[in-house]
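As a plain string of letters, each chain reads:
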Amino acid sequence: MNSTDKRAGCALCIDAPPLDFEFSYAFQPIVDVHARRIFAHEGLVRGTAGEPAGSVLSRITPANRYAFDQACRDKVIQTASRLQMPSHLSINFMPNAIYRPELCIRSTLRAARRHGFPVERIIFETVEGEQVSDGNWLAEILSEYRRIGFKTAIDDFGAGFAGLNLLADFQPDIVKLDMALIRAIDQSRPRRAIVAGVVAMCRQLDIEVIAEGIETADEARCLADLGIALMQGYWFARPQFERITHEDEIPWAA
């Protein structure tokens with residue numbers, strides 16, 4: 001992204017009218033099956049009455065994309081603080097809606113301070129399915145977030161842009177394995193071999209691995225055997241609208 005694009009993008013933020021719609025959040029836990037604790041909750045956008053994310057995301061346009069991204073940060077932090085979330089908070093962000101990360105991040109810092117949520121417990125992860133043509137630009141954004149004190153995560157690792165080339169330029173705190181790799185992994189030798197390789201590589205790079213999209217106890221057990229402690233999926237808990245999950249609600253026996 002060149003300097004002209006950045007100036008034009010920042011103008012979209014400064015001059016943008018307020019959003020003409022409201023939204024809220026559901027939260028899904030990311031659990032540590034070894035420590036039997038909740039590591040984080042991922043904030044998932046919803047309509048004000050709990051409608052699916054699509055009802056909100058369908059209203060995003062090039063003109064309001066940046067304003068929406070900024071509004072999301074404030075809303076999810078405000079909601080997590082109101083719910084007295086004790087875990088990390090994972091916030092999705094849109095790389096294509098960021099023009100100058102050192103400026104874009106200021107609103108997040110203000111929101112964290114205003115609502116009393118610790119910066120060191122905030123994780124920024126790339127939006128699922130967000131296509132980024134410039135891997136170096138994504139690495140620059142994530143590097144700036146880390147410099148400020150946030151944790152960083154690459155979503156859908158193993159699919160689309162989130163590949164090995166990105167890891168060569170930037171090592172995030174966390175990678176989240178693409179759920180296509182997780183599905184029925186207990187029945188697939190190739191999937192187990194691929195995941196074992198990713199786990200070994202990330203261990204050498206000091207990167208934590210989260211397996212997402214887990215739907216069965218057999219998948220969870222298989223992933224634990226492969227050395228993965230952090231997991232997320234319907235097997236453990238579904239997203240809860242304007243509510244966090246508590247540790248006594250998690251099926252640890254899996």
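Residues numbered from 1 in each chain as written. Predicted model: local features only at pLDDT ≥ 70, side-chain atom pairs only at ≥ 80, totals over all residues. Heavy atoms only, no water.

Engineer: Before we go on, may I ask you to explain the pattern of salt bridges in this structure?
Structural biologist: Pairing of side chains with opposite charge becomes possible as their charged atoms draw close. Evaluated as defined, the whole model comprises 13 salt bridges. Residues Asp20 and Arg59 are paired through a salt bridge, measuring 4.0 Å at the closest nitrogen-oxygen approach. With Asp20 in the loop between helix H1 (3-15) and strand E1 (24-32) and Arg59 in the loop between helix H2 (53-57) and helix H3 (65-82), this residue pair connects regions lying 39 residues apart in the sequence. Linked by salt bridges that have partners in common, Glu42, Glu125, Lys176 and Glu212 make up one network. (Salt bridge = Lys/Arg side-chain N within 4 Å of Asp/Glu carboxyl O. Helix = DSSP H or I, 4+ residues; strand = E, 2+ residues; numbered from the N terminus.)

Engineer: Sorry, what's going on with the packing of aromatic side chains here?
Structural biologist: Think of a pair of aromatic rings as described by two things: how far the centres are apart, and how the planes are tilted against each other in angle. Across all of its chains, the model carries ten aromatic pairs by this definition. Ring plane angle 65 degrees and centroid distance 5.4 Å describe the contact between Phe93 and Tyr145, whose orientation is recorded as edge-to-face. Placement of Phe93 in strand E3 (residues 88-93) and of Tyr145 in helix H5 (residues 135-148) is noted, with a sequence separation of 52 residues between them. For Phe93, a relative accessible area of 0% gives the class buried. Between Phe124 and Phe150, the ring centres sit 5.1 Å apart and the planes meet at 90 degrees, which makes this aromatic pair edge-to-face. One end of the pair, Phe124, is in strand E4 (residues 122-126); the other, Phe150, is in the loop between H5 and strand E5 (151-157), and 26 residues separate them in sequence. Given the relative accessible area of 0%, Phe124 is considered buried. We classify Phe150 as buried; its relative accessible area is 2%. Taken together through their ring pairs, the aromatic side chains of Phe21, Phe23, Tyr25, Phe27 and Phe68 make up a single cluster. We note Arg121 situated over the ring of Phe117; from NZ or CZ to the ring centre the distance is 4.7 Å. Seen from the ring of Tyr234, Arg238 lies directly overhead, with NZ or CZ sitting 4.0 Å from the centre. (Phe/Tyr/Trp six-rings, centres within 6.5 Å; stacked < 30°, edge-to-face > 60°. Buried < 20%, exposed > 50% of the residue type's maximum accessible area, 1.4 Å probe, protein only. Lys NZ or Arg CZ within 6 Å of the ring centre and 35° of its normal.)

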